[in-house]
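Below are the chains, spelled out letter by letter.
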Amino acid sequence: MGSLSGRRVLYAWPDRNHLNRLWGVDAEALAVIEWNEGETAEWIADAKPIQLFHGRTVEPQPVAEPADRQEPLPNGVDGILEHIAAMAAGYSSGLKWNEEDKLKADMMNRADRWVPITVEQVRTKCRALGMRSDDVDTIAGILQRRKEGRRFNVRSSYRTFHFN
């Protein structure tokens with residue numbers, strides 16, 4: 001994907017994973033021929049591109065509600081997600097394995113903290129924090145699997161970890 005930087009690109013029928021790989025590529029122009037609005041709508045909302053349609057142009061809309069105006073998530077989850085987002089922003093490739101392990105360990109060791117939190121709330125908060133689509137999907141997926149009763153294999157250095 002790095003080879004697309006500064007180039008004009010035509011992307012036909014991409015799925016969500018392919019679109020996520022375009023995050024931060026800095027292409028000069030990108031034309032996406034979509035085939036499934038469910039695969040592209042959220043990505044378009046996050047990337048905020050200028051959209052060109054037959055006979056009209058749609059400029060990106062400003063964010064309707066800033067992250068600090070949203071209802072805060074209970075039990076310190078807001079702070080946890082803000083920390084995770086800040087750490088992920090510090091890396092060019094996004095969320096690292098150790099931050100994932102910390103999150104998984106906290107969900108295991110402090111399960112009560114996560115019970116009232118929905119996957120959609122986490123997805124909305126992560127998107128409001130400006131996280132990459134891949135990272136949003138990863139975090140939402142971890143919570144979804146935990147809510148389904150799954151347990152995680154966490155590396156020994158983080159097995160007893162929990163956020164304060």
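Position labels on residues start from 1 in each chain and follow its written sequence. A pLDDT threshold of at least 70 governs which residues receive local features in this predicted model, and a stricter bar of 80 or more applies before side-chain atom pairs are shown or counted, although totals over entire chains, interfaces and linings include all residues. Side-chain numbers here rest on the full set of heavy atoms in the structure, without hydrogens or water.

Novice: Could you give an account of the overall build of the protein chain, with specific residues and numbers?
Specialist: Check the secondary structure of the protein chain and you find 7 helices and 4 strands. Runs of H or I in DSSP of at least four residues are treated as helices and runs of E of at least two as strands, each being numbered from the N terminus. Along the protein chain, from the amino end to the carboxyl end, the secondary structure elements read β-α-β-α-β-β-α-α-α-α-α. Only protein chains enter the calculation, and the probe is 1.4 Å; a residue is then buried if its accessible area is under 20% of its type maximum, exposed if over 50%, and partly exposed in between. By the burial criterion, 35% of the 164 residues in the protein chain qualify as buried. Under the convention used here, a 1.4 Å probe and the Shrake-Rupley method define accessible areas, while residue burial counts only the protein chains that appear. Of the accessible surface of the protein chain, which amounts to about 10,100 Å², a share of 49% is contributed by carbon and sulfur atoms.

Novice: I'd like a description of the nonpolar core, backed by residues and values.
Specialist: Soluble globular proteins tend to bury their nonpolar side chains together. Here the nonpolar core consists of buried residues drawn from Ala, Val, Leu, Ile, Met, Phe, Trp, Tyr and Cys, with membership extended through side-chain atoms lying within 4.5 Å. Judged by nonpolar contacts, the single largest core of 27 residues is most densely connected at W114, V122, M131 and I139. Every element with two or more residues in this core is listed here: α3 (77-89), α4 (97-109), α6 (119-128) and α7 (133-147). If one sorts the elements of this core by residue count, α3 sits on top with 6 residues. Here a residue-residue contact requires only that any non-hydrogen atoms of the pair lie within 4.5 Å. Discounting chain neighbours no more than four positions away, the residues touching V122 are L81, W114, I117, I139 and L143.

Novice: Give me the lowdown on the environment of Q144, citing residues and values where you can.
Specialist: With respect to the secondary-structure elements, Q144 resides in helix α7. Judged by relative accessible area, which is 34%, Q144 ranks as partly exposed. Q144 sits 24 residues away from E120 along the chain, and the two C-alpha atoms are 9.6 Å apart.

So yeah, pure geometry; function would need other evidence.
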